[in-house]
Amino acid sequence: MINLDNLLRKNIKSLKPYSSARDEFQGEASVFLDANENPFNAPYNRYPDPLQQLLKEKIAGIKNVPAGNIFLGNGSDEPIDIVIRAFCEPGENNIVAIDPTYGMYKVAADINNVEYRTVKLSENFELVSTSVFAAIDKNTRLVFLCSPNNPSANYLDVSEMEKIIEGFEGIVVLDEAYIDFSNHVGFLPKLSKYPNLVILQTFSKAWGLAAIRLGMAFASKEIISVFNKIKYPYNINALTQEYALKILNNDEQKNKWVKEILANRKLLVDQLSNISCIKKIFPSDANFVLVKVDDAEGLYKYLIDNKIVVRNRSKIALCAGCIRITVGSKGENEQLCMALKQYSLNPG
Ligand SMILES: *Cc1c(COP(=O)(O)O)cnc(C)c1O
């Protein structure tokens, strides 16, 4: 059992959050003279709902999680930063994370002056819980996991993740940005079982909404209320809330996109496996594939010269010679494969 009071930073435990006009008055009124807003330019003259209740109710229905267990942020970036600021005393506490993984966790830790410890995945990018526990000490407050993992694209072993969530006495942050592309259901159905679990999801990938900056965190009501205390009062602007509500009314569209992207992933993998410069294709539970090539640097530059951008991951742990390729439209994938075939004829 975790004790939130012992895990939270002291200044956060005692923090009295900013109380906005919208927090102080909730109810029906017709004359709003409480927030120094401009009476003209409705509806954008008004501050947005600081807790995004309508949007959370909608998401609650889709995700089957109570609205009180949902936090919305300016992308996943915001909850990644807030969870560190809530639990990690700078210069004292530390974070343990898998390696390789998404680069933002380390950047957020560095900005907050919190030590970031990495634990290598196995050669096949599998999670080894005993290695994670070996890196944890009495000052570890957070463990970051990402499943399906970026850039390796694989879904991590469920029982290894459970061992960590159950055995670690701090907070486990599980980033499920790519869960919609996976056959696994993820950990949302088990959220109520784990009071120390924070699950991150996003509208930036399957929902096609990277531009509006909207990320979700799911956790216990207690953790969510801590996040609400720390966030900027109006962290999700009215345009984002409005547009997200509109798109969420049509989750059939999202499912269609996911289906098409998965079909395109299969086609892309089939094509890549017949191109000689591609030495290895790692299995993918996400909307991208990681491939190994002979000369990642050279290939990356060749593709840039052909106006095609992929991600060179060859400098990060376990990814020597690796390129990460997003699954695009059929046409985009074909352009990539044509260029790769050309390159294979005359590499470097
Ligand atoms: C793309 C991605 C995100 C999304 O971040 P946003 O800030 O929500 O756009 C989160 N986590 C991982 C691992 C990602 O690859």
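Above this note sits the structure.
Heads up: these notes are all about the structure in this document. Keep in mind it's a predicted model, so treat the numbers as computed, not measured.

Things to note about the side chain of Asn45
Then, in step 1: Its place among the elements puts Asn45 in the loop between helix H3 (21-24) and helix H4 (53-63).
Then, in step 2: By relative accessible area, which is 13% here, Asn45 ends up buried.
Then, in step 3: A polar contact is formed between the side chain of Asn45 and the backbone oxygen of Asn38, at a distance of 2.7 Å.
Then, in step 4: The residues contacting Asn45, other than those within four sequence positions of it, are Glu37, Asn38, Pro39 and Phe40.

Considerations on helix H8 (residues 158-167)
Then, in step 1: Regarding H8, the residues found buried are Glu160, Met161, Glu162, Ile164 and Ile165.
Then, in step 2: As for H8, its buried residues are in contact with helix H7 (129-135), strand E4 (140-146), strand E5 (171-175) and strand E6 (197-202).

Comments concerning the site of the ligand
Then, in step 1: Surveying the vicinity of the ligand reveals 14 residues, the closest of which are Asp175, Tyr178, Thr202, Lys205 and Arg213.
Then, in step 2: For the ligand, an oxygen atom lies 2.6 Å from a polar atom in the side chain of Thr202.
Then, in step 3: The contact in question runs from an oxygen atom of the ligand to an N or O atom on the side chain of Arg213, over 2.6 Å.
Then, in step 4: Protein burial of the ligand: of its 390 Å² of free accessible surface, 94% is covered by the chains.

Things to note about the packing of helix H11 (residues 251-272) against helix H13 (residues 330-345)
Geometrically, a packed helix pair is captured by the angle between its two axes and the distance between the axes.
Then, in step 1: In the contact formed by H11 and H13, the axes pass within 10 Å of each other and the chain directions differ by 10°. In terms of orientation, H11 lies roughly parallel with respect to H13. From H11, Asn264, Leu267, Leu268, Gln271 and Leu272 reach across to H13, where they touch Lys330, Asn333, Glu334, Leu336, Cys337 and Leu340.
Then, in step 2: In the contact of H11 with H13, the residues fall into six nonpolar, three polar and two charged.

Quick word on the sheet that holds strand E7 (residues 215-218)
Then, in step 1: Sheet architecture is open: seven strands sit in the order E1-E7-E6-E5-E4-E2-E3, paired in mixed fashion. Each edge of the open sheet is held by one strand with a lone partner, namely strand E1 (70-73) and strand E3 (115-120). Each strand of the sheet is rotated relative to its neighbour by a mean of 25°, with strand direction disregarded.
Then, in step 2: Judged from the four bridges that link them, E5 and E6 form a sheet pairing that is parallel. The partner of Val173 across the bridge, within E6, is Val198.
Then, in step 3: Strands E1, strand E2 (94-99), E4, E5, E6 and E7 of the sheet are contacted by helix H5 (residues 77-87), whose axis makes an angle of about 160° with E4.

Points about the nonpolar core
Then, in step 1: In this structure, Ile84, Phe87, Phe144 and Ile171 are the most contacted members of the largest nonpolar core, which totals 84 residues.
Then, in step 2: The dominant element in this core, judged by the number of residues it contributes, is H5, at six residues.
Then, in step 3: Counting contributing residues per domain, this core is built from domain 1 (4-249) and domain 2 (252-345), each supplying no fewer than three.
Then, in step 4: Once you skip the residues sitting within four places of it in the chain, Ile171 turns out to touch Ile2, Leu4, Leu7, Phe87, Arg141, Leu142, Val143, Asn196, Val198 and Ile223.
Then, in step 5: By size, the runner-up hydrophobic cluster in this structure holds 21 residues, among which are Leu268, Val327, Leu336 and Cys337.

Cut-offs used in this document
- Residues numbered from 1 in each chain as written.
- Predicted model: local features only at pLDDT ≥ 70, side-chain atom pairs only at ≥ 80, totals over all residues.
- Heavy atoms only, no water.
- Helix = DSSP H or I, 4+ residues; strand = E, 2+ residues; numbered from the N terminus.
- Buried < 20%, exposed > 50% of the residue type's maximum accessible area, 1.4 Å probe, protein only.
- Polar contact = N/O pair within 3.5 Å; in protein donor to acceptor, adjacent residues only side chain to side chain.
- Contact = heavy atoms within 4.5 Å.
- Near = heavy atom within 4 Å.
- Areas by Shrake-Rupley, 256 points an atom, 1.4 Å probe, with all protein chains shown as cover.
- Axes fitted to C-alpha atoms, helices over the stretch in contact; angles between N-to-C directions.
- Parallel < 35°, antiparallel > 145°, perpendicular 65-115°, else oblique.
- Nonpolar A, V, L, I, M, F, W, Y, C, P; charged D, E, K, R; others polar.
- Pairing = 2+ DSSP bridges.
- Core = buried A, V, L, I, M, F, W, Y, C linked by side-chain atoms within 4.5 Å.
- Domains from an automatic or database assignment.

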